[in-house]
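Now for the letters of each chain:
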Amino acid sequence: QLDSTQVESLEGVGEAPSLRYLDVRFNGMATTLPAEIENLHYLETLLLSENKFYGTLPDFLGNRKLSILRASGNSFVGTLPSFAAHPVMKTLDLSQNELYGDVPNDLFAQVATSEAVLLDLSGNKFSGSLPAALSRFNELTIYARGNQFSGIDPELCSKSEWNGGSVGVYGCDAILCPPRTFSPAGRASVEIGDCQRCESAEFFGHTECGGGGGG
């Protein structure tokens, strides 16, 4: 565990191939992730949040035992990997980066449908629609506010257990507030109520009225 220790690089981490848990949050690391991270074949938890990592987010194909990946608050770019080769992935937090493009149809393709999954894509530049393929999960917590999404597949809006049961109450609005509306959370919920009217909100998931870019 190396969180808040001012470590500056992950160079050499591949020399610990049996590592299962790696926490380097809050270190201000301004670097790319080294390719040798994929030598950690037994890695189950990887916590990278609140650094200054940049460059393309890798697909982590060498880390197929990953269950928890948190990389929020960095400057990763590129498209979203599908994590289709990660059968035990249950938590993926990539919020507050610079990722863009569509959410892949095969996201979490090997994860059991009975798994309770958390997916946080907030504060990026994702676009397109949230795909119907995610509807195979019965229990999903999804945060997607502050992007440039243009739609939500209708199949997702009937998943009554999603987002702590809020989708069962508010339907699609509990995933993302539609255009011309907003909410502080970017969606309706049982805690804060309905999305509110806002004519200037261009995309799904606005968190304020008058701001641009889905945020």
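Residues numbered from 1 in each chain as written. Predicted model: local features only at pLDDT ≥ 70, side-chain atom pairs only at ≥ 80, totals over all residues. Heavy atoms only, no water.

1. Details of the overall build of the protein chain
Looking only at helices and strands, the protein chain features 1 helix and 13 strands. Overall, the protein chain shows an N-to-C arrangement of helices and strands of β-β-β-β-β-β-β-β-β-β-β-α-β-β. Within the protein chain, the fraction of its 215 residues that count as buried is 50%. Counting only contacts in the protein chain whose residues sit at least 6 apart along the sequence, the fraction spanning at least 24 positions is 39%. Each charge class in the protein chain was averaged separately, 14 positive and 26 negative side chains, and the resulting centres sit 3 Å apart. (Helix = DSSP H or I, 4+ residues; strand = E, 2+ residues; numbered from the N terminus. Buried < 20%, exposed > 50% of the residue type's maximum accessible area, 1.4 Å probe, protein only. Contact = heavy atoms within 4.5 Å. Lys, Arg positive; Asp, Glu negative; His and termini not counted. Charge placed at Lys NZ, Arg CZ, Asp CG, Glu CD.)

2. Let's talk about the packing of aromatic side chains
Under the criterion given, the structure shown has 4 aromatic pairs. An angle of 20 degrees between the planes, with centres 6.2 Å apart, marks the rings of Phe60 and Phe83 as stacked. Placement of Phe60 in the loop between strand 3 (54-56) and strand 4 (68-70) and of Phe83 in the loop between strand 5 (75-78) and strand 6 (91-93) is noted, with a sequence separation of 23 residues between them. (Phe/Tyr/Trp six-rings, centres within 6.5 Å; stacked < 30°, edge-to-face > 60°.)

3. Side note on the environment of Thr45
In this fold, Thr45 is placed in strand 2 (residues 45-47). For Thr45 and Pro87, which are 42 residues apart along the polypeptide, the C-alpha to C-alpha distance reads 14 Å. Leave out the neighbours within four places in its chain, and Thr45 touches Arg20, Tyr21, Leu22, Leu66 and Ile68.

4. Regarding the sheet that holds strand 6
With parallel pairing, 6 strands are arranged side by side in an open sheet as 1-2-4-6-8-10. The sheet is open, and its two edges are formed by strand 1 (21-23) and strand 10 (139-143), each paired on a single side. Neighbour-to-neighbour, the strand axes of this sheet turn through a mean angle of 10 degrees, independent of strand direction. Examined bridge by bridge, strand 8 (residues 116-120) and strand 10 share 5 bridges and lie parallel to one another. Within strand 10, the position partnered with Leu118 by the bridge is Thr141. (Pairing = 2+ DSSP bridges. Axes fitted to C-alpha atoms, helices over the stretch in contact; angles between N-to-C directions.)

5. Considerations on the state of the cysteines
The tally for this structure, following the rule as stated, stands at 3 disulfides. At a sulfur-sulfur separation of 1.7 Å, the disulfide partner of Cys157 is Cys172. Given an S-S torsion of about 95 degrees, the disulfide between Cys157 and Cys172 has right-handed geometry. Within this pair, whereas Cys157 is found in the loop between strand 11 (148-152) and helix 1 (166-170), its partner Cys172 is found in the loop between helix 1 and strand 12 (181-182), the two being separated by 15 residues in sequence. Cys157 sits in the buried class, given a relative accessible area of 15%. (Disulfide = S-S within 2.5 Å.)

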